[in-house]
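# An overview of the molecular structure
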Amino acid sequence: MALIPSQVLRVAILMSYFSILCHYKALDMPAHQTYGGSWKFLTFIDLVIQAVFFGLCVLIDVSSLLTKGGDSREQERQLRKLIGLRDWMMAVLAFPVGAFVVFTFWSLYLYDRELVYPKLLDNFIPQWLNHGMHTTVLPFIIIEMRTTHHRYPSRSSGLVAVCCFGVGYILWTCWVHEVTGVWVYPVLERITPLARVAFFSAMTAVICVFYTLGEILNSYIWDKQQTDKVKGE
């Protein structure tokens, strides 16, 4: 990890997300022309979240470099605000949503790909782009967690924020169905209304689990590094 500066890694990851988003938006897919466009898919929302998050990380790196050695308290205050926003995004959005997308997509894909990613999509989406949307998200965010210590909010406030995001997306999905008569994901077409309620509840619980896992992983990485540092002194 030390062979490549973390600042360079963040710029490379940000550029990769820009490339993925540009290629994805350029796809001539019927679903992109219907109500909600790309924004009805959690995968696209997650890509935007990751791009904004790493863009914020790069902005902080640049700001830190420009203000290094300065004595402006206002600049330091603004930088601390940006760092606080970055840490909140990491805890509440970037890690749990990214891990959720990777886990749920590949779990359903391996069980029955027609439930989440019909074979027809292979005619529109190349394999490298599929992995860019559904695979590399998790290692990218773990790299960021490994290279930078992020301060998590209290678990209760963090879980409330994650639940609000999850419920908000569920309501958006239901609204799209109300307008178009079609569920965003094929799996929702194949189950009963009661099963949908159970499915939505389970998915909300899963994203909360990923929030907690992210908090635990972050603490483990940085507590261990602090312990190793003390032992080495």
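Whatever comes next refers back to the structure up there.
What you are looking at is a predicted structure, and each value in this text was computed from that prediction instead of being measured.

Our next topic: the pattern of salt bridges. On inspection of all chains with the given rule, the structure shows 6 salt bridges. A salt bridge links Asp87 to Arg86; its shortest N-O distance comes to 3.0 Å. Judged by its relative accessible area of 5%, Asp87 is buried. Residue classification places Arg86 among the buried positions, given a relative accessible area of 8%. A salt bridge links Arg190 to Asp112; its shortest N-O distance comes to 3.6 Å. Taken together, the residues Arg190 in the loop between helix 7 (186-189) and helix 8 (193-232) and Asp112 in helix 3 (residues 73-112) connect sequence positions 78 residues apart.

Glancing now at helix 3. Compared with an ideal rise of 1.5 Å per residue, which puts 40 residues at 58 Å, helix 3 spans 56 Å between its outermost C-alpha atoms and is within 8% of the ideal. Within helix 3, the axis deviates most sharply at Met90, by approximately 50°.

Turning our eyes to something else, we now look at the side chain of Ser6. Within the fold, Ser6 resides in helix 1 (residues 6-26). A distance of 3.4 Å separates a polar atom in the side chain of Ser6 from a polar atom in the side chain of Gln7.

Scoring rules and cut-offs
- Residues numbered from 1 in each chain as written.
- Predicted model: local features only at pLDDT ≥ 70, side-chain atom pairs only at ≥ 80, totals over all residues.
- Heavy atoms only, no water.
- Salt bridge = Lys/Arg side-chain N within 4 Å of Asp/Glu carboxyl O.
- Buried < 20%, exposed > 50% of the residue type's maximum accessible area, 1.4 Å probe, protein only.
- Helix = DSSP H or I, 4+ residues; strand = E, 2+ residues; numbered from the N terminus.
- Expected span 1.5 Å × (residues − 1).
- Bend = angle between axes of the 7 residues up to and from the residue.
- Polar contact = N/O pair within 3.5 Å; in protein donor to acceptor, adjacent residues only side chain to side chain.

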